[in-house]
Amino acid sequence: MEIGIVSYGAYIPRFRILPEEIGRVWGLDGKGFGKGLMIEQKSIAGPDEDVVTISVEAARNAMKRVDVSPEKIGAIYVGSESHPYVVKPTGTIVAEAIEATPDLTVADYEFACKAGTAAIQTCMGLVGSDMIEYGLAIGSDTSQGAPGDALEFSASAGGAAFLIGSKDVIAKINTTLSYTTDTPDFWRREGQMYPSHGGRFTGEPAYFKHIVSCAKNLLGKCGTKPEDYKYAVFHQPNGKFPQRVAKMLGFSNEQIETGLLVPQIGNTYSGAVPLGLSAILDEAEPGDRIFAIAYGSGAGSDGFDIAVTDAITRFNRKAAPTVREIMANMKAIDYATYAKYRGKIKLSCEE
Amino acid sequence: MTKTPRFWRENKNRYNLIGVKCGSCNAVYFPSRIICPDCGRKSMGKMDKFKFSGRGTVYSNTVVHEAHEQYEMQKPYAIALIELEEGARVLGQIVDCEPYEVQIGMKVKSTFRKLGQDGKSGTIYYGYKFVRERE
Ligand SMILES: [Zn+2]
C-alpha cells in the first residue's frame, strides 16, 4: 500500500509586525534582534482568528483541491500549543466545519512545535492498518511571547492541513521515524498565558541534538544521502537554526530555500514544518524527493522521507492559493494594534 | 445566561452556509425555512438542504463605530448585506480589508471566523464572515 499526502492546504493570517516596531516599544534594538533571528516580519492572527479558524481555513483549502467526500475522513488530529480551549477539542469544530461529522474519530495533539507532524504519523498508521480511508492531520498555532521577551520577535500564527490516504497519493511518505527525550527547553504551565524557556539551553541539547539525531537515523534507515533530495525542510524557530542544521547535515541553501518561510512570517510553531512542506508541494514535480524534520520542545523530532508521485500532475493545485500567494496578502500593523488584537490589553467586559 | 444551546443547534448550518431550496419554485433561503413564502403549502416537505458556495457581492454596507462590547477590539468594522451568487441575502461582517474599502458590488467570499464568546469562561462561537475576493 502506498501511503502519503493526498492533498494539502495552508492558511496564514494577514497581519504582520516588524521587529523594529516591537523593539521601539520595549527600548530594544528590534532591527538587531530581527537580523540576529533572520526574521523580517512575523504574522499575527486577527482579533477574530484562533487555532480553530486557521485550522478550518487550511482544511477547507486542502479539501478544495480534491474530489474526496468529507464523510470519508475517518480521523482528524489537530496539533497545536494554542488550542482555544483547554478542555473541548479544536478538532470537533474543524470536523463540523468541513462536514466530516459524525462518523470519525477526533483528538487534539500537543507537542510544542511538532504536534502537527505527530498528527501526520498517526493518520499514516490508521490508513496503513486499514482502520480509516482518509485522515486529516493539521498543525496550526497562534503562538505568543510575553511582552518584551525575545520570543515576542518570532512567535507567529499560521497552519497547514494534510489529507493522508492511500489513493491518488501526490507525495508518498516512504519512511517516517522520530527521536524523543525528556528535555525541559521550553514549556507553558496550565493557566499561564505565555510560555517559559531555558534561554540558551534551547539550542544545542534541544533543537540541534534532536534534529541531527532524527535526520541521521532517517538517512541511515532510507540508505540515502542529502544530495538525493531536491528539497529539505527543518523546523524554523528563526532563520539561523534551520540554515545551521542544514549545513551540519550536508544540505545546501538551495535545498532549504523553498520551505524556509520564517523570514517572512516568523515562527508558526506547529504550523512551521507543515507550512514549509506545503510551500514545497506548491512547486514540486514528479520524482522530487523531500526531506522533512520537525522539532518540538520537550523534546522530540519527527522525520519524513517523501517522494512526489506522477499523481501531482493530475492534482488540482490551483483550486486553493499557494503558500506564497497567501503570504502576499498582508498588512503591517503597529504594536498598539497588535496588542489590541492579541488580547495584550484587558477590557473590563472580558472579566 | 448562556447562549450555548441556541448557537449549538445552528452550528453546522452557520459554519457551512447551509440553507434550503424550495423544490417547487427553486428559490433558495438562508437561514433555513420550513415553508417557502411564495409557494406555501405546495412547498411542504420539499424544502431540501442546500449548501451555498459562499461567494457573493455586496448589496449594501455600513461601517460600525459604536460596537457591541464583544467587538470593541475590531471597531471600526464593515457590515454588509451580501447577495449570495445563488440568490439569498445574508448579513455579515467584512474582514481583512479596510472598512471604507467596502463598496456596493464588491465581490466577496465567506471565511470562517470567531463570532463571539460567552465571556472569558464560556463557549466560543464560530461562523461565517466575508473577505474581499482577490484575483
Ligand atoms: Zn417556492
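As the structure is a prediction and not an experimental result, all values here were calculated from the model.

Reading the values: the criteria
Residues numbered from 1 in each chain as written. Chains lettered and ligands numbered in written order. Predicted model: local features only at pLDDT ≥ 70, side-chain atom pairs only at ≥ 80, totals over all residues. Heavy atoms only, no water. Pairing = 2+ DSSP bridges. Helix = DSSP H or I, 4+ residues; strand = E, 2+ residues; numbered from the N terminus. Right-handed = clockwise from strand over helix to strand, strands pointing away. Domains from an automatic or database assignment. Contact = heavy atoms within 4.5 Å. Buried area = accessible area lost by both parts, 1.4 Å probe. Salt bridge = Lys/Arg side-chain N within 4 Å of Asp/Glu carboxyl O. Polar contact = N/O pair within 3.5 Å; in protein donor to acceptor, adjacent residues only side chain to side chain. Nonpolar A, V, L, I, M, F, W, Y, C, P; charged D, E, K, R; others polar. Buried < 20%, exposed > 50% of the residue type's maximum accessible area, 1.4 Å probe, protein only.

Trainee: Hey, could you run me through the sheet that holds strand β14 (residues 331-332) of chain A in this one?
Mentor: The strands that make up a sheet are held in pairs by hydrogen bonds between backbone atoms, and each pair lies either parallel or antiparallel. Residue and element names in this part refer to chain A. Pairing is mixed across the open sheet formed by 3 strands, whose spatial order is β3-β2-β14. The outermost strands of the open sheet, each flanked by one partner alone, are β3 (42-44) and β14. Note: strand β2 (residues 15-17) against β14, 2 bridges, orientation parallel. Paired with Arg16 across the strands is Ala332, a residue of β14.

Trainee: For this particular structure, what's the right way to read the sheet that holds strand β2 (residues 28-29) of chain B?
Mentor: Residues and elements named next belong to chain B. Read across the sheet, 3 strands follow the order β2-β1-β3 without closing on themselves; strand pairing throughout is antiparallel. Sheet topology places β2 and β3 (47-51) at the edges, where each strand pairs with a single neighbour. Pairing analysis gives 2 bridges linking strand β1 (residues 18-22) to β2, with the strands arranged antiparallel. Within β2, the residue paired with Lys21 across the bridge is Val28.

Trainee: Explain the pairing of strand β5 (residues 105-109) of chain A to me, please; I cannot follow it from the model alone.
Mentor: Taken residue by residue, a regular strand's side chains alternate between the two faces of the sheet. Residue and element names in this part refer to chain A. Two elements, strand β4 (residues 73-79) and β5, share 5 bridges in a ladder whose sense is parallel. Looking across to β5, one finds that Ile76 is bridged to Val106. With respect to chirality, the unit in which β4 leads through helix α4 (residues 90-97) into the neighbouring parallel β5 is right-handed.

Trainee: Quick question: what am I supposed to make of the domain arrangement of chain B here?
Mentor: Note: interface size is frequently given as the accessible area lost on complex formation between the parts. Residues and elements named next belong to chain B. Taken domain by domain, chain B comprises domain 1 (9-51) and domain 2 (53-135). Between domain 1 and domain 2, the C-alpha centre-to-centre distance is 22 Å. Taken residue by residue, the interface counts 8 residues in domain 1 and 13 residues in domain 2. The contact between domain 1 and domain 2 buries some 840 Å² in all, and 74% of this surface belongs to carbon and sulfur atoms. The tally of links between domain 1 and domain 2 comes to 0 salt bridges. Linking domain 1 with domain 2 are 1 residue pair in polar contact (both at pLDDT 80 or more), by the criterion used here. Secondary structure elements with two or more residues in the side of domain 1 that touches domain 2: α2 (11-16), β2 and β3. Taken together, the residues that form the side of domain 1 that touches domain 2 break down as 6 nonpolar, no polar and 2 charged.

Trainee: Can you help me understand the side chain of Glu49(A) in this one?
Mentor: The topology assignment puts Glu49(A) in the loop between β3 and α3 (51-64). Using a relative accessible area of 2% as the deciding quantity, one classes Glu49(A) as buried. A polar side-chain atom of Glu49(A) sits 2.5 Å from a polar atom in the side chain of Tyr11(A). The contacts of Glu49(A), once residues within four sequence positions are left out, are Tyr11(A), Pro13(A), Arg342(A) and Arg113(B).

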